[in-house]
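Below, each chain spelled out in residue letters.
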Amino acid sequence: MTLAPHIRVGAGLLTLGFLAIAVVLGTTSPVVASDPDPSTQTTGETHSARVVQIQIADQPVAWGTPIESPSWTHADAEATYVLTKASETIAANHSDAAHHLLGVRDPAGAVHVAESLATDRATDLRLLRISLAPNVLQVKPIRLPNPTKENRNAEANVPPSPTFPPPGTLITVSTPTRQYPPHLGILTGPARPIPSNAKLGIFFAQGTARPLIRSLQPGSGADAADLQRGDLILTVDGRNSPTPLAVIEAIQAKPRYAGDRIELTIKRQGQPQPLTRTVELGRTPPIPSTREQRLERSPHNPAPPSRRSSGFPLALPTDAPVPADQCGGPAFDLEDQFVGIVIARAGRTETLILPPGPLADALQRMAPKSK
């Protein structure tokens, strides 16, 4: 087939000229993350078989990537396993009733009840199981590589690998139905760790050694939790915090991500007893000072960041314009090799992809949790 001379990629136009691309017929073999063998490749026409839509109460919340049965499931051929973005499906944790409303829409349009097996906090991935074989769902699972020894049991950073696609690689993000056109983009940089930007949203008063709240970030978790100017923080998750530094150390005592909740005990003027407030950490970018930041925070921005857009062990940045409610699906290069799973919309012009290595490590960490 022949591509048009201009293809829209991310925020701009990528001029390719007239580029002829050989079409490799799809096979029933699973895609192998690191295998260049043409027999394991897919075509653009078959990419819909590599992705499903995740729903809560019939509402689409994310996409999912079917994968081969994890080794610790003893090759369960009568079930389909799907990786998706955990924080976008968080409503499934709120109650047993909501849990049963978590569904997977297959490429044919049928919706199936999915069981949530485990979640990996380091990567924001959730593993789902559908009690139907992949051929029944008309999906073709992706085979992930073996996990690395360094990351089987820890939330650790993964060193960059020379096997990652280089910056400038053109990618396509699969879509579950013809209703959604594929997202095109380029890799805009090398694989790198993405530090967490989860914020409490509190500014402490100066001139005092006590953790006295001076002001709150508008729209932050602290603001939503009804904390007030003049409140004095006593404990963080039950840990005494007599100074601002102690509050910070208590919060940083373990990995925290946007969407995590902490419990604060506070003393408020006029109240005889201490009060308890549960605060959800959120993504609170700095006060916008540049045009890019103003556009990102604008209510007219058509693609706001994901609920959790940071705190990943390793990710490939791309300008593919994937909305937050369409993260969780697979990305491929133009040779139809699996690049990774789209894990977050990080900004107005940046989307993040988890490469195969961190995906395999996350899956291995989920093993004990699912038993």
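Residues numbered from 1 in each chain as written. Predicted model: local features only at pLDDT ≥ 70, side-chain atom pairs only at ≥ 80, totals over all residues. Heavy atoms only, no water.

A.B. asks: Got a sec to walk through the nonpolar core? Specific residues and values, please.
C.D. replies: Residues L83, L127, L144, L363 and M366 are the most contacted members of the largest nonpolar core, which totals 28 residues. When contributions to this core are tallied by element, the ones reaching two or more residues are β6 (80-85), β9 (115-120), β10 (125-130), β23 (312-318), β25 (338-347), β26 (350-354) and α6 (356-366). Sequence-distant contacts of M366, that is, excluding residues within four places in its chain, are made with W72, L83, A118, T119, D120, L125, R126 and L127. In this structure, L216, I233, I251 and I266 belong to the second largest nonpolar core, which totals 19 residues. (Core = buried A, V, L, I, M, F, W, Y, C linked by side-chain atoms within 4.5 Å. Buried < 20%, exposed > 50% of the residue type's maximum accessible area, 1.4 Å probe, protein only. Helix = DSSP H or I, 4+ residues; strand = E, 2+ residues; numbered from the N terminus. Contact = heavy atoms within 4.5 Å.)

A.B. asks: Which residues make up the pattern of salt bridges, and what values go with them?
C.D. replies: Enumeration over the complete set of coordinates arrives at ten salt bridges. Between R365 and D120 there is a salt bridge, and its shortest N-O distance comes to 2.9 Å. Of this pair, R365 sits in helix α6 while D120 sits in strand β9, placing them 245 residues apart in sequence. For the residue pair R365 and D120, the accessibility class agrees, reading buried in each case. Between R121 and D260 there is a salt bridge, with its nearest N and O atoms 3.1 Å apart. Placement of the pair is R121 in the loop between β9 and β10 and D260 in the loop between α4 (244-251) and β20 (261-267), with a sequence separation of 139 residues. Look at R121 and you get partly exposed, because its relative accessible area is 34%. Overall, D260 belongs to the buried group, its relative accessible area being 16%. (Salt bridge = Lys/Arg side-chain N within 4 Å of Asp/Glu carboxyl O.)

A.B. asks: Account for the confidence of the model for the protein, naming residues and giving values.
C.D. replies: Residues of the protein with pLDDT of at least 70 account for 73%, and the chain-wide mean is 78. In the model of the protein, strand β1 (residues 6-9) stands out as the element of lowest mean pLDDT, 38, in contrast to β26, which has the highest, 96. Confidence drops under a pLDDT of 50 for residues 92-100, and excluding neighbours within four residues, the segment shows nine contacts in the predicted structure. (pLDDT = per-residue confidence, 0-100.)

A.B. asks: I'd like a description of the sheet that holds β23, backed by residues and values.
C.D. replies: Hydrogen bonds between backbone atoms are what pair the strands of a sheet, whose relative direction is either parallel or antiparallel. Within the open sheet, the seven strands sit side by side as β13-β12-β24-β25-β26-β23-β14. Their pairing is antiparallel. Here the strands that pair on one side only, and so sit at the sheet edges, are β13 (183-186) and β14 (192-194). Sheet twist, expressed as the average angle between the axes of neighbouring strands with direction ignored, equals 45°. Inspection of the sheet shows strand β12 (residues 170-173) paired to β13 by four bridges, in the antiparallel sense. Bridge pairing in β13 links L170 to I186. Along the sheet, α6 makes contact with β23, β25 and β26, crossing β25 at roughly 90°. (Pairing = 2+ DSSP bridges. Axes fitted to C-alpha atoms, helices over the stretch in contact; angles between N-to-C directions.)

A.B. asks: Please set out unusual backbone geometry residue by residue, giving values where relevant.
C.D. replies: Excluding glycine, most residues fall at negative phi; most peptide bonds, likewise, are trans. One non-glycine residue, D58, adopts positive backbone phi at about 70°. Inspection of the secondary structure puts D58 in the loop between β4 (52-56) and β5 (59-67). At D237, a position not held by glycine, the phi torsion is positive, near 50°. One can find D237 in the loop between β18 (232-236) and β19 (239-240).

A.B. asks: I'd like to hear about the sheet that holds strand β21 (residues 275-280), residue by residue, with values.
C.D. replies: Spatially, four strands are ordered β19-β18-β20-β21 in an open sheet, and the strand pairing comes out antiparallel. Here the strands that pair on one side only, and so sit at the sheet edges, are β19 and β21. Across two bridges, β18 lies against β19 in antiparallel orientation. If you follow V236 over to β19, its bridge partner there is R239. Running at roughly 35° to β18, α4 makes contact with β18, β19 and β20 of the sheet.

A.B. asks: Which residues make up the environment of L200, and what values do they have?
C.D. replies: One can find L200 in the loop between β15 (198-199) and β16 (202-204). As a C-alpha pair, L200 and I248 span 48 residues in sequence and 9.6 Å in three-dimensional space. Contacts of L200, omitting those with residues within four sequence positions, involve S220, G221, A222, I251, I262, V279 and L281.

A.B. asks: Run through α4, naming residues and quoting values.
C.D. replies: Structural remark: α-helix, 3.6 residues per turn; residues separated by three or four positions point the same way. Taken together, the buried positions of α4 are occupied by P244, A246, V247, A250 and I251. One side of α4 carries all its buried residues, which in axial view fall inside an arc of 160°. Elements in contact with the buried residues of α4: β16, β18, β19 and β20. (Arc of directions from axis to C-beta.)

A.B. asks: Any chance you could break down the environment of G201 for me, citing the residues and the numbers?
C.D. replies: With respect to the helices, strands and loops of the structure, G201 is situated in the loop between β15 and β16. The buried category is assigned to G201, whose relative accessible area is 9%. If we ignore the near neighbours within four places in the chain, the residues touching G201 are S215, L216, Q217, S220 and A222.

A.B. asks: Just give me the short version of the side chain of D106, but keep the residues and values in it.
C.D. replies: With respect to the element layout, D106 can be found in the loop between β7 (102-105) and β8 (111-113). One buried charged residue, D106, forms no salt bridge at all, with the nearest opposite charge on R105 at 6.8 Å. Within polar-contact distance, the side chain of D106 engages the side chain of H112 at 2.7 Å. Not counting chain neighbours up to four residues away, the residues in contact with D106 comprise V52, H112 and L137. (Lys, Arg positive; Asp, Glu negative; His and termini not counted. Polar contact = N/O pair within 3.5 Å; in protein donor to acceptor, adjacent residues only side chain to side chain.)

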